[in-house]
Structures are given as structure tokens and as C-alpha cells.
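Notes for the structure review
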Amino acid sequence: MTARDLVDPFGRTIRDLRISVTDRCNFRCTYCMPAEGMVWLPKSEILSFEEIERVARLFVERYGVDGIRLTGGEPTVRAHLPVLVAKLATLVVPADSASPLAGQPIDLALTTNGATLVNCVDELRDAGLGRINISLDTLDREKFERMTRRDELERVLAGIDAACAAGLSSVKINAVVERGANDDEILDLAEFGRAKGVEVRFIEFMPLDAEGHWVNDKVVSQDEIVARIAAVHPLESVPARGAAPADRWRYLDGRGTVGVIPSVTKPFCGDCDRVRLTADGQFRTCLFATTEFDLRTRLRDGSSDDVVAAEIERAVGTKWAGHQINQVNFIRPKRTMSQIGG
Ligand code: SF4
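A brief structural summary. Each chain carries its own residue numbering, running from 1 in the written order of its sequence. Predicted model: local features are reported for residues with pLDDT of at least 70 only, side-chain atom pairs are reported and counted for 80 or more only, and whole-chain, interface and lining totals are derived from all residues. Note that the side-chain values use all heavy atoms of the structure and ignore hydrogens as well as water.

Topic: helix H7 (residues 222-230)
Selection criterion: Burial here depends on accessible area, computed with a 1.4 Å probe over protein chains only, as a share of the maximum for the residue type. Under 20% is buried, over 50% is exposed, and the range in between is partly exposed. Only DSSP runs of H or I with at least four residues qualify as helices, and only runs of E with at least two residues qualify as strands; both kinds are numbered from the N terminus onward. Taken from the helix axis, the directions to the C-beta atoms give the arc we talk about. Should any heavy atoms of two residues lie within 4.5 Å, those residues are considered in contact.
Here H7 has its buried residues at Gln 222, Ile 225, Val 226 and Ile 229. Angular distribution of buried residues about the axis of H7 spans 95°; they occupy a single face of the element. If you follow the buried residues of H7, they end up packed against strand S5 (170-177), helix H6 (186-196), strand S6 (199-204), strand S7 (235-238), strand S8 (247-251) and strand S9 (257-261).

See the structure below:
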């Protein structure tokens, strides 16, 4: 079967599939879920590895999707995760696809809170994982416990070191910045990245928290983040982000790069190439989508791949131009970040 591009109504080609493998997490980050956690999905509703692989193979082999990112909740709490990684790592982007990775293995990445990495990163690497993003919003132990409701900073820092030692093609740090919570550490986190030789990507606080505490005043803009860093460590912009969410800068002293994902103040929806599959098999064309498409039923009712693919195409045909945060018609999605995956 010849691969053909999956293009949305705004002419954007889908190349990146984010797959949430669980809604569960071992942290309780305040900007994500309440202290008591969420009502977890019953096991029967969670896609099996075989079902995830089937959907992933469809995207890669039919549409030339070349990037898959595994998310959660916290993906490493899903038992036997390296087994799934090994399945997905065998996927090759069709040589006849228009993807820049045509004929090559997919770009397989993971987003994690890092707390269990010391125990599993080598196995994930050996299974075929290529890149990893580790969430770290503070270097202060007490604040870490306040923000995540877990006293796990030491384990996360050890996880980052383990990931750096594992020889993955890329290790990045994701830091959500919330005014009044951790914006006083923007420089410390940037310097942490400079010292470790990893890129820190600051993420503007988004309205996806379970308790609905998000307000625009808590958003620290990209401009402010960059200005704070550049005041101490001069930067130059790295041109051409493409579809990647982060704008990036290079330190003029050669000590690496830093990124900012300006979801709220400078939305990048115009170049969006991403779609998402939730842990319970719902297909979302946008992080902030208010509608979903049920693939799980199709995967379990004997439907053919053609039928599943038709539902995917129908969904992409409805993808909107972009989120409407700060606009009068903005509607928060029913799902929280932990139920969608980053
Ligand atoms: S908000 Fe939606 S459309 Fe915009 S970049 Fe994110 S996923 Fe894409």
C-alpha cells in the first residue's frame, strides 16, 4: 500500500502521533491533578500493547507519520513498557512517503517525570527508545514536594543523570513555569541545563489542570522567560522551528540551547502536525479538542484496518485551526492533562 499524507482542512500534514499509555501517575502535580488523584480508567478500557501497535502501524505505514511520543499520566508506571517500545521501534516510515524520514525507523520518544528512570532507562534504550523528555519544574526539594506532592526530587535528578549516561539521541528537560510557584527558578533551571549539557524547554502554563486554577495572570510569557535568561546568559535565536512546539535559542558562549513552548502567548497551531491517542483509545486532533473519536470500539468489534483508517481520516477532516485560549469562545476540554498526555 502506498503511503499518502494525512492532511487536515488547513493544509497541515500529520507527522506526529502522541500516544498516552496510561492515565495513572505516581505524582500529583498541582497544575495537573488533585491530591487524591483521578478516577482511574478500568483496565478493560485501556488499550493493549497490540491495539496500540495496530493504530501506530496504521499511522506510520498508511500516512507516513514519522514521530511517535509515548506519554501518560506517567508512562513508566505502565507495566512492561519496554515491550511496547520494542514493538513500536520496529516501525519504519515507508520509502514512498513524503516524510523526511522516509525509509528510516520512526523517531520514538518518551515524556516522563523521571522518578523511575534509574531502574528502566537502559531497558527502554535497548528496546529502541531514541529520545526522552523529563519534567523538572524546580530544583528546590521543598518546593518540588509542594508542586508534585511527592518528595522525589533526588530520584528525578538521578533519573536525569541515568538518561544522560544511557546514550539516547536526545535528553531534554520540560519545565512548566507558573507565576508565583516556580518562576523565581527560571535562571537556576536554565543553568542546570547548561551544566548538564541538556536543553531545558520552558512551557507556558496551560489551562489543563484538573482543579481549574489556571488563570492568565499565572502565565509567564515566552518573552519574559527569554529576557530573564538573556539578561545573564546572552542568547541568539535558532531559526526555523518547523512543526516542533518549542522556539529555541543558542547561548552565545556556546553552552548549548534553551527552548520555550509559548502555547498561550504565541500559539503555534498554524504549523501543528500532531494528533493524539488517549489511553482508552479515543482519538484527539488537538490537545485542547472538545470532541473525540472512538477508535477503541473499532479496534475491538472486528472492524478492518480500512474502517479504523476511515475514522481517523474523518476525525482529521474536522481538525480546527487551533486552540482558543484567552478567546471568548474558549472551552476547556473535559479531560485533564493526565487524561490526554503531553
Ligand atoms: S493547541 Fe492543538 S492545534 Fe494548537 S499546536 Fe497544540 S495540538 Fe496543535
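Picking up after the structure, the text goes on.
Points about the environment of Gln 222
Mapped onto the elements of the fold, Gln 222 is located in helix H7. Sequence spacing of Gln 222 and Glu 61 is 161 residues, and the spatial spacing of their C-alpha atoms is 37 Å. Apart from residues lying up to four places away in sequence, Gln 222 is in contact with Glu 204, Asp 247, Trp 249, Val 260, Pro 262, Thr 265 and Lys 266.

Here's the deal with the side chain of Arg 69
For clarity, the threshold we go by: Neither His nor the chain ends contribute to the count of charged residues, in which Lys and Arg are positive and Asp and Glu negative. A pair is scored as a salt bridge if a Lys or Arg side-chain nitrogen falls within 4 Å of a carboxyl oxygen belonging to Asp or Glu. Pairs of N or O atoms are called polar contacts if they sit within 3.5 Å, as long as, within protein, a hydrogen donor faces a hydrogen acceptor (for residues adjacent in sequence, only side-chain-to-side-chain pairs).
Considering the arrangement of structural elements, one finds Arg 69 in strand S2 (residues 67-71). Nearest to the buried, unbridged Arg 69 among oppositely charged side chains is Asp 16, at 5.8 Å. Reaching out from Arg 69, the side chain makes a polar contact with the backbone oxygen of Leu 110 at a distance of 3.3 Å. Apart from residues no more than four positions distant in its own chain, Arg 69 is found in contact with Leu 17, Arg 18, Ile 19, Ala 109, Leu 110, Thr 111, Arg 131 and Asn 133.

Notes on helix H2 (residues 81-88)
Within H2, burial applies to Leu 81, Pro 82, Leu 84, Val 85 and Leu 88. The buried side chains of H2 occupy one side of the element, clustering within an arc of 155° when seen end-on. Structurally, H2 contributes buried residues whose contacts are with helix H1 (49-63), S2, strand S3 (107-112) and helix H3 (117-127).

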